[in-house]
Amino acid sequence: MESQALQDLVAEQEAPSRALIEREAPLALISRALSEACEGRGSVVAVEGAHGLGKSSLVSVARTLAADDGLEVLSAQGRELEQDFTFGVLLQLFESRIAAASEEERGRLLSGAARMAVPLFAPGPRQVPDEHSFSILHGLYWLCVNLAAQLPLLLTVDDVDLADATSLRFLLYLTERVQELPIAVVVAHGSALRCPDPDVLWQTTRHPAATGCRLHPLSVQGTARLMRTSLYPQAETDFCRAVHDATGGNPLLLHDLLPQLAGAGIEPVRVSAPEVAAFAPPGLGAAVTARIRPLGEDTEKLVLAAAVLGPGTEVRHAAVLAGLDLTAAAAAADALMAAGVLARDERLTFVHPIVMRALNAEQPPARWAEVHLRAARILAEEEAAPEVIAAHLMNSTRSGSGWAVDALCAAAEDALERGAPAAAVNYLRRALQEPPVRDRRAHVVLQLGRAEATAGNPQAVDRLSEAIERLPDPLDRARTALETGRMLFSLGRLDDAAGAFRRGIDELPREDEGLGELLRAALGTVSRLETARAGLPAAPSVAPKGNDTPGKRAQLAQLALEGALRGDARDEVLELATRALARGALLDDTTADGISYYVAASALTVAEDLQTAEAALTAAVEEARSRGSVLGMATSSYFRSLAIQRRGRVGDASADARAALAAERHGWRLAGAGARAVLADTLVELGDLQAAERLIEESEAHAEEEGEASATRTAFLAARGRLRLLRGEGEEALADFTSAGDYLLALGITNPALSAWRSGAARAHALVGDRDEAVRLAEEELDLARRFGAPGTVGHSLRALAAVQGGPAALELLEEAVRQSEQSQAALERARALIDYGSALRRAGRRRDAREPLRLGLDLAQRCGAAELAGRAMRETTAAGARPRRTAMEGLEALTARERQVAGLAAQGMSNREIAEALFVTVKTVEWHLKHTYAKLGVSSRRELRGAMTDAAQ
């Protein structure tokens, strides 16, 4: 048959047929065999494959191809119920053909040696003595010769391994003589649970006249192709991969599964992949059980035990659960492997995971729950991994077993250590359902509250509060109160947090002063973040001599922040904060869910040791990630965004702020306004004022709906004020900066390094024409900044004073701003100072002098990713008579640290969702980073990205 004709047939049949996708090799063999038969050269094509791989469809295609090519076609199929019926398949092949022949043709077909086959077609019961079997087989051979003398002949036998022994002997007899005849034989085998004469079948399929072809499951690409030519033309790749994983690429299972997925309303999109992984088609389990029933009762017992125990089951475990001795279990396992139900391995794993799920889904619930309980005990006796035992207990009978509670709690503890708090929550909720005995319940509730807190579940507060009421030990109650307060702090419920800390102090035994120091320090921090209220304790005024206890480190952190807020000497603040951190000991004290660590890190940020602050907060991010702490991840990301923003890395600051806000769906409310302020500022730096305006509007509505704590709202007000200044709305901007200032002053916060609201208000006053008030506010801020001593803050205040004062003195102020900023780690502030100074020099007619600071400022702005500032610098540089030089805005060097991180994971083959889960960010954040990465690297796909990253590494 010509290749084009074969391709046309494939194109016609591909949609309805599961045989033709990735079946080019067997189709080519069949086509060649038919062509050679037409030329007088016979052969056998033996298609081998497990159940459901499309053997029958290929046999059907062979018949279609042969009929189209003018061959006579005779077909038969082996059937399990007819295996003991001698000549059963042979009668299927020839009986109807002989019966339909005319008397004349019948005489011609059965003439000569073919006459020996006449007894087979005689009417009435057929009882052919064994001594005549050979003569009948010989006669049938000559019948084939006579048939082929009229037209080339195709004989097909589907499921030939189910044929009776006599028919198998005939096929071998024919195979040994077929090469000189215009006959093609196509047989399919591999599905039979037992074959009457496997040796004869082996000799037939391995004969030199036979060509074998083994069918394999579809690849992921083949599965996707099949799906897109059937019910799901728009199926997304991840969805196709999930379907492939469930079915093992078995075409029969695919064709059975797809209509059921569609009927269940499961959309063929990436987010539906988990639904596919859990889907169990009704009736599939019963069909599998019925298919293996001929193998005996032991196989049924073992396959159900293997389904309960799951992939990779040890034979001995399945044997105990199934009630079999090891020898019988091993024999049953071999039979199930031969049947294609279990994979050929020393451990028991289903070839198709969907079959395992279907078997489990179709069992009576009560019986299945009891089987899972027995499975858990069997595995526990061999000290299996805690999560393996817990997986069975999650589905087991609830019996009030103390052993089950202990096992579930052990699995939860292990899950927390692995950074999987969601799993720990599930285990502990199940433990409460067991239920635990009265004396044990309080500790289970406490463990659950801690796990829920780590997972970012607001319900943790209620759990922890319940634990406080139930715990008999006052020291345990005090510790739990500390944990509860920290959780409430992350949720933005500062009043409630303060109440929890007070209760902890009241519960605390006198002998545990260290815990008391932690509680008092936490209470002091919350008091600083709330409006001034009576009854809140003042911060400690004297620093402890050492930092060798958690309480002392917490006190030092609080003192550092108090000093930073008041504007004490910068060096003193740095010394206190550094002592508090104690080279990571403070993080060990509190974890990333605590408070004191952020207090110390914030003091470093305000005091402009930005490198140390970022390193410390990165350690908190990693600690939260290692435990899977959603709230800890959000809080650490937010505080790190502040340090990174001051360092000048616009893209990374935005990414951290987005990561923090992503946790709002888990209840995080600590600093949503502050995170939005960071985002708005980065959008302004990127030159996207419209997006910044939209964010500000959305943030206002969000703050009103959530009733968010007002402490971090000052940052939001300042961000909105800066945006209004850019729009020329002086009165509105002044109102924002004044509101922020009033709130901060009410709390006794005067340091402009925390919030430079005075300089913002000064610029607003200048915009509305009140120059005297503008200068007064700018000078006041500069005095406060000099008193604190952070060079970046001093430089910022100098720039503000220069802007509102103007005149010849402005140049001197800006020159000093450049000198101050050169001593600071605040790169973006340094870029602004250089560009402001260069611009002022140009306006003063000193174009040559202006070029160098403008060039340096442009380079720094580009490296920071501040597109708006860089654009301004380029315009000023051009006006100064110089040609701007671009720095690395393209290529690998242009990627930010966060972009490199995301790009590296994408290059490894991780999906956007997988990257988001690994980094605790949203998918949109990942997409945002990849969009900019692709633009900088000039690539458009993950494959190109992988190449770019590989080339750069070489």
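None of these values were measured; they are calculated from a predicted model.

Enquirer: I would appreciate a short explanation of the overall build of the protein chain in the present structure.
Expert: Counting its regular elements, the protein chain contains 48 helices and five strands. Across the 954 residues in the protein chain, those meeting the buried criterion constitute 56%. At a minimum sequence separation of 6, the contacts of the protein chain that also span at least 24 residues come to 67%. For the protein chain, the exposed area adds up to about 40200 Å²; of that, 50% sits on carbon and sulfur atoms.

Enquirer: Would you mind showing me how to read the pairing of strand β2 (residues 72-77) here?
Expert: It is a general feature of regular strands that their side chains alternate between the two faces of the sheet. Here β2 shows a clear split, with E72, L74 and A76 buried on one side and none of V73, S75 and Q77 buried on the other. Here β2 pairs with strand β3 (residues 153-158) via six bridges, running parallel. Its bridge partner being in β3, A76 is matched across the sheet by V157.

Enquirer: I keep staring at the side chain of T877 and nothing clicks. Help me out?
Expert: Mapped onto the elements of the fold, T877 is located in helix α44 (residues 867-879). Looking at T877, its side chain comes within polar contact range of the main-chain oxygen of A873, at 2.6 Å. Other than its neighbours up to four places away in sequence, T877 contacts L854, A882 and P884.

Enquirer: What's the story with the environment of I696 in this structure? I'm lost.
Expert: Locating I696 in the fold gives a position in helix α35 (residues 689-706). Of the residues examined, I696 reaches a relative accessible area of 5% and is grouped as buried. Put simply, I696 and M227 are 469 residues apart on the chain and 45 Å apart in space, counted from C-alpha to C-alpha.

Enquirer: Before we go on, may I ask you to explain the sheet that holds β3 in this structure?
Expert: Strand order in the open sheet formed by five strands is β2-β3-β4-β1-β5, with parallel pairing between adjacent strands. The two strands at the open ends of the sheet, each matched to only one other strand, are β2 and β5 (210-214). For this sheet, the mean inter-axis angle between neighbouring strands, taken without regard to orientation, is 15°. Sitting on the sheet, helix α4 (residues 88-100) touches β2 and β3, and the angle it makes with β2 is about 145°.

Enquirer: Explanation requested: the packing of helix α14 (residues 297-309) against helix α16 (residues 326-338) in the structure shown.
Expert: Helix-helix packing is characterised by the crossing angle of the two axes and by the distance between the axes. Where α14 contacts α16, the axes come no closer than 9 Å and their chain directions differ by 85°. Between α14 and α16, the angle is such that the two are roughly perpendicular. For the pair formed by α14 and α16, the contact residues are D298, T299, L302 and V303 on the first element and A328, A329, A332, A333, A335 and L336 on the second. Within the contact of α14 with α16, the residues separate by chemical class into eight nonpolar, one polar and one charged.

Enquirer: Help me understand the packing of aromatic side chains in this model?
Expert: Each aromatic ring pair is summarised here by two numbers: the centre-to-centre distance and the angle between the ring planes. Using the criterion set out here, one finds nine aromatic pairs in the structure. On the numbers, 5.5 Å between centres and 70° between planes, the contact of Y232 with F239 is edge-to-face. The exposure class of Y232 is buried, given its relative accessible area of 6%. Exposure remark for F239: the relative accessible area of 0% places this residue in the buried category. Seen from their ring centres, Y638 and W668 are 6.3 Å apart, and the 55° between their planes marks the pair as tilted. Within this pair, whereas Y638 is found in helix α32 (residues 630-647), its partner W668 is found in the loop between α33 (650-662) and α34 (672-685), the two being separated by 30 residues in sequence. Take Y638: its relative accessible area is 5%, and that puts it in the buried class. The positively charged end of R177 is found above the aromatic ring belonging to Y173, 3.6 Å away from the centroid.

Enquirer: Help me understand the state of the cysteines, please; the structure alone is not making it clear to me.
Expert: In protein chemistry, a disulfide is the covalent bond that joins the sulfur atoms of two cysteines. Overall, the coordinates contain zero disulfides when judged by the stated rule. For the unlinked cysteine C195, the closest cysteine sulfur is that of C213, found at 20 Å.

Enquirer: Would you mind showing me how to read helix α41 (residues 808-821) here?
Expert: Residues spaced three or four apart along an α-helix face the same direction, because each turn holds 3.6 residues. For α41, built from 14 residues, the straight-helix expectation of 20 Å at 1.5 Å per residue is met to within 8% by its first-to-last C-alpha distance of 21 Å. Residues of α41 that are buried in the fold lie against α39 (771-788), α40 (791-805) and α42 (827-843).

Enquirer: For this particular structure, what's the right way to read the side chain of T289?
Expert: Residue position: T289 is located in helix α13 (residues 284-292). Take T289: its relative accessible area is 14%, and that puts it in the buried class. What T289 contacts, discounting residues up to four positions off in sequence, is E300 and L359.

Enquirer: How should the pattern of salt bridges be read in this particular structure?
Expert: When their charged atoms lie close together, side chains carrying opposite charge are able to pair. Tallied over the entire structure, the rule returns 56 salt bridges. Residue R97 is joined to E72 by a salt bridge in which the shortest nitrogen-to-oxygen separation is 2.3 Å. Taken together, the positions of R97 in helix α4 and E72 in strand β2 put the pair 25 residues apart, joining distant regions of the chain. Take E72: its relative accessible area is 12%, and that puts it in the buried class. In this structure, the salt-bridge partner of E780 is R776, at a minimum N-O distance of 3.0 Å. Taken together, the residues E780 and R776, both in helix α39 and four residues apart, mark about one turn of the helix. Given a relative accessible area of 40%, R776 falls into the partly exposed group.

Enquirer: Teacher, can you tell me more about the packing of helix α6 (residues 133-150) against helix α7 (residues 165-175) here?
Expert: Viewed as axis vectors pointing N to C, α6 and α7 meet at an angle of 50°, and their least axial separation amounts to 10 Å. Viewed along their axes, α6 and α7 adopt a mutual orientation that is oblique. Judged by the twist between their axes, the crossing of α6 over α7 is right-handed. When α6 is examined against α7, the residues F134, L137, H138, L140, Y141 and C144 are found in contact with a partner set consisting of T166, R169, F170, Y173 and L174. Grouping the constituent residues of the contact of α6 with α7 by class yields eight nonpolar, two polar and one charged.

Enquirer: Would you mind going over the environment of G807 with me for this structure?
Expert: Within the secondary structure, G807 is located in the loop between α40 and α41. The class of G807 is exposed, set by a relative accessible area of 54%. For the pair G807 and R357, spaced 450 residues apart in the sequence, the C-alpha separation amounts to 80 Å.

Definitions and limits used
Residues numbered from 1 in each chain as written. Predicted model: local features only at pLDDT ≥ 70, side-chain atom pairs only at ≥ 80, totals over all residues. Heavy atoms only, no water. Helix = DSSP H or I, 4+ residues; strand = E, 2+ residues; numbered from the N terminus. Buried < 20%, exposed > 50% of the residue type's maximum accessible area, 1.4 Å probe, protein only. Contact = heavy atoms within 4.5 Å. Areas by Shrake-Rupley, 256 points an atom, 1.4 Å probe, with all protein chains shown as cover. Pairing = 2+ DSSP bridges. Polar contact = N/O pair within 3.5 Å; in protein donor to acceptor, adjacent residues only side chain to side chain. Axes fitted to C-alpha atoms, helices over the stretch in contact; angles between N-to-C directions. Parallel < 35°, antiparallel > 145°, perpendicular 65-115°, else oblique. Nonpolar A, V, L, I, M, F, W, Y, C, P; charged D, E, K, R; others polar. Phe/Tyr/Trp six-rings, centres within 6.5 Å; stacked < 30°, edge-to-face > 60°. Lys NZ or Arg CZ within 6 Å of the ring centre and 35° of its normal. Disulfide = S-S within 2.5 Å. Expected span 1.5 Å × (residues − 1). Salt bridge = Lys/Arg side-chain N within 4 Å of Asp/Glu carboxyl O. Left-handed = near helix turned anticlockwise from the far one by under 90°.

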